[in-house]
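# An overview of the molecular structure
Single-letter residue listing:
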Amino acid sequence: DKKKKHKKEKKHKHKKEARKALLGAVDQNEYGKYGVIKLEHFYKKAREFEAWLAEVKQIPDMAGMSKHDQHEHFKEFMEDYNTATHRHPKYYDYEKWEMDEYRRKQRAAARQADEVPTEFNDEEALRRERKRRAELEQRQEFQAMMRDFKLSKEKRAEHQQYQLWQAEMEAAYKRGDSATVERLKAKLDPETFKRMTRKELEDDGS
């Protein structure tokens, strides 16, 4: 038993010396960056210490550890704390880290919430623009159709008027009314007929 105890103490001594050597290599400007803790801060830093034990030492629960082992592990934790060499900020101030994480997640959620309506608004604006264009195209098609219909109707009316004047000119020719024949012949001239307005055609036809 004495041999085992001596071996354990020797191992601990070597480990302690190695950590002192490491401490000597640490940038002195970093020492105490997050404050300096002592063994008396064991309960004050219990949350940080427990997180460190679980994640670094793979000891999920220190309830089964002896007080001596707890203190030995805490001394190691304490050295990394004082020299600012812990691998994660949560081991210095768990509550602050937890709050920072919460705020970070809140900001991320807020950004995501802001982006969703923007995407929705963009889609809604695009949908309205497509609808407006479709309605405009429909109106333009309808107007073009009405113009074609109107032109067709006018063309039919002009053709009927032309035939009517031809029949009237033939009748005037048969009865020897040369004045009427000459008047209608001038109107039936293709170039003259094209230049006549719709109103002139209606007035002459009445």
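Residues numbered from 1 in each chain as written. Predicted model: local features only at pLDDT ≥ 70, side-chain atom pairs only at ≥ 80, totals over all residues. Heavy atoms only, no water.

### Structural notes on the overall build of the protein
Check the secondary structure of the protein and you find seven helices and zero strands. When the helices and strands of the protein are read in sequence order from the N terminus, they spell out α-α-α-α-α-α-α. The buried share of the protein, taken over its 206 residues, is 21%. Within the protein, residue pairs in contact and separated by at least 24 positions form 61% of the contacts whose partners lie at least 6 positions apart. Summed over its atoms, the accessible surface of the protein is roughly 16500 Å², and 52% of this surface lies on carbon and sulfur atoms. (Helix = DSSP H or I, 4+ residues; strand = E, 2+ residues; numbered from the N terminus. Buried < 20%, exposed > 50% of the residue type's maximum accessible area, 1.4 Å probe, protein only. Contact = heavy atoms within 4.5 Å. Areas by Shrake-Rupley, 256 points an atom, 1.4 Å probe, with all protein chains shown as cover.)

### Some details on helix α5 (residues 178-187)
Of all the positions in α5, only Thr180, Val181, Leu184 and Lys187 are classed as buried. The arc that holds every buried residue of α5, seen down its axis, measures 125°, which confines them to one face. More than 90 degrees from the buried face of α5, the exposed residues found are Ser178 and Ala179. (Arc of directions from axis to C-beta.)

### So, the packing of aromatic side chains
Summed over all chains, the structure comprises 12 aromatic pairs. Their ring planes at 35° and their centres at 5.6 Å tell us that Phe74 and Phe77 sit as a pair that is tilted. Residue Phe74 and its partner Phe77 are located together in helix α3 (residues 67-82), separated by three residues, close to a single helical turn. Classification of Phe74 by relative accessible area gives buried; the value is 0%. Among the aromatic residues, ring-to-ring pairing joins Tyr34, Phe42, Tyr43, Phe49, Trp52, Phe74, Phe77, Tyr81 and Tyr92 into one connected group. When the ring centre of Tyr94 is taken as reference, the NZ or CZ atom of Arg47 above it lies at 3.9 Å. The ring centre of Trp97 lies 4.4 Å from the NZ or CZ of Lys90, which sits over that ring. (Phe/Tyr/Trp six-rings, centres within 6.5 Å; stacked < 30°, edge-to-face > 60°. Lys NZ or Arg CZ within 6 Å of the ring centre and 35° of its normal.)

### Focus: the side chain of Gln70
Within the secondary structure, Gln70 sits in helix α3. Exposure remark for Gln70: the relative accessible area of 12% places this residue in the buried category. A polar contact is formed between the side chain of Gln70 and the backbone oxygen of Met65, at a distance of 3.4 Å. Setting aside residues up to four positions removed in sequence, Gln70 forms contacts with Phe42, Phe49, Met62 and Met65. (Polar contact = N/O pair within 3.5 Å; in protein donor to acceptor, adjacent residues only side chain to side chain.)

### Points about the nonpolar core
Ile37, Phe49, Trp52, Leu53, Met62, Phe74 and Phe77 are the most contacted members of the largest nonpolar core, which totals 18 residues. Listing elements by their share of this core, those giving two or more residues are α2 (46-55), α3 and α4 (94-174). Look past the residues within four positions of Phe49 in its chain and what remains in contact with it is Phe42, Met62, Gln70, His73, Phe74 and Phe77. (Core = buried A, V, L, I, M, F, W, Y, C linked by side-chain atoms within 4.5 Å.)

### Notes on the pattern of salt bridges
If you walk through the whole model with that rule in mind, you get seven salt bridges. The partner of Glu72 in a salt bridge is Lys75, with the nearest N and O atoms 3.4 Å apart. In this pair, Glu72 and Lys75 are both assigned in helix α3, three residues apart and thus about one turn of the helix distant. Residue classification places Glu72 among the partly exposed positions, given a relative accessible area of 22%. Looking at Lys75, the relative accessible area reads 35%, which means it is partly exposed. Among the ionic pairs, Arg104 bridges to Glu101, the shortest N-O distance being 3.0 Å. With Arg104 and Glu101 both in helix α4 and three residues apart, this pair spans about one turn of that helix. What makes Glu101 partly exposed here is its relative accessible area of 24%. (Salt bridge = Lys/Arg side-chain N within 4 Å of Asp/Glu carboxyl O.)

### Describing the packing of α2 against α3
Relative orientation and spacing of two packed helices are given, respectively, by the angle between their axes and the distance between those axes. The geometry of α2 relative to α3 is characterised by a closest axis approach of 11 Å and an angle of 95° between their N-to-C directions. With respect to α3, the axis of α2 lies roughly perpendicular. Of the residues in α3, those in contact with Glu48, Phe49, Trp52 and Leu53 of α2 are Gln70, His73, Phe74, Glu76, Phe77 and Asp80. The residue inventory of the contact of α2 with α3, partitioned by class, reads five nonpolar, two polar and three charged. (Axes fitted to C-alpha atoms, helices over the stretch in contact; angles between N-to-C directions. Parallel < 35°, antiparallel > 145°, perpendicular 65-115°, else oblique. Nonpolar A, V, L, I, M, F, W, Y, C, P; charged D, E, K, R; others polar.)

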